[in-house]
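Analysis of the macromolecular model
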Amino acid sequence: MMTPATMLVRPSRHYRQRGFTILELLVAFAIMAISLGMLYRASGGSARSVGDMERYQRATVLAESIMAMRDAVPEEGWAEAGQVAGFDWRVASAPYPTEVSGPTVTPLHEIRVVVSWPQGGRVRQLELVTLRAQKKPTQGGARL
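Residues numbered from 1 in each chain as written. Predicted model: local features only at pLDDT ≥ 70, side-chain atom pairs only at ≥ 80, totals over all residues. Heavy atoms only, no water.

1. Some points on the overall build of the chain
Of the regular secondary structure elements, the chain holds two helices and five strands. Relative to its 144 residues, the chain shows a buried fraction of 17%. Across the chain, the fraction of contacts at a sequence separation of at least 24, relative to all contacts at a separation of at least 6, is 49%. Of the roughly 11900 Å² of accessible surface on the chain, a fraction of 60% belongs to carbon and sulfur atoms. (Helix = DSSP H or I, 4+ residues; strand = E, 2+ residues; numbered from the N terminus. Buried < 20%, exposed > 50% of the residue type's maximum accessible area, 1.4 Å probe, protein only. Contact = heavy atoms within 4.5 Å. Areas by Shrake-Rupley, 256 points an atom, 1.4 Å probe, with all protein chains shown as cover.)

2. Some details on the environment of Tyr56
With respect to the element layout, Tyr56 can be found in helix α2 (residues 22-67). Once the C-alpha coordinates of Tyr56 and Val115 are considered, the two residues, 59 residues apart in sequence, prove to be 9.7 Å apart. Residues within four places of Tyr56 in sequence aside, it is in contact with Trp117 and Leu126.

3. Focus: the sheet that holds strand β4 (residues 108-119)
The sheet built from five strands is open, its strands ordered β1-β5-β4-β3-β2 with mixed pairing. Edge strands, defined here as strands with exactly one partner in the open sheet, are β1 (72-73) and β2 (79-84). Sheet topology note: the β2/strand β3 (residues 87-96) ladder contains six bridges and is antiparallel. Paired with Gln83 across the two strands is Asp88, which belongs to β3. (Pairing = 2+ DSSP bridges.)

4. Things to note about the pattern of salt bridges
Under the counting rule described, the total for this entry stands at five salt bridges. A salt bridge links Glu54 to Arg58; its shortest N-O distance comes to 3.9 Å. Here Glu54 and its partner Arg58 are both found in helix α2, four residues apart, which amounts to about one turn of the helix. Classification of Glu54 by relative accessible area gives partly exposed; the value is 37%. Overall, Arg58 belongs to the partly exposed group, its relative accessible area being 38%. Notably, a salt bridge pairs Glu110 with Arg112, separated by 3.2 Å at the nearest N-O pair. Via salt bridges that share partners, Glu110, Arg112 and Glu127 belong to a single interconnected network. (Salt bridge = Lys/Arg side-chain N within 4 Å of Asp/Glu carboxyl O.)

Next up, the structure:
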């Protein structure tokens, strides 16, 4: 018969070691690494998208401000180009044909503003198109 002192020293047959095996740890680390990699790609893609949208918004504001430079187009048209803060822009106008004619009808011009910028090894482009009235000639031949 066993005494209580010998029972404490000798482990029982039903005693099982607790903890993880090295294989279980390797599998857990692999799953964690894959999860972190996917999370990193998702957050990196979101940051990239925010940067792309910010550039697109700046290009839109630039194009709208260029259009706001003139409320009417000279008879000879409007053609300009320039560069601002890494954005290239150009404006071109062309007479816009309408079915209405007469001495009181103001001719229209189609205004096309194109803003382009480099992004990720390629050139992105934004194009705004609108119609503007042609400037009316002043009386006496004087120009404003």
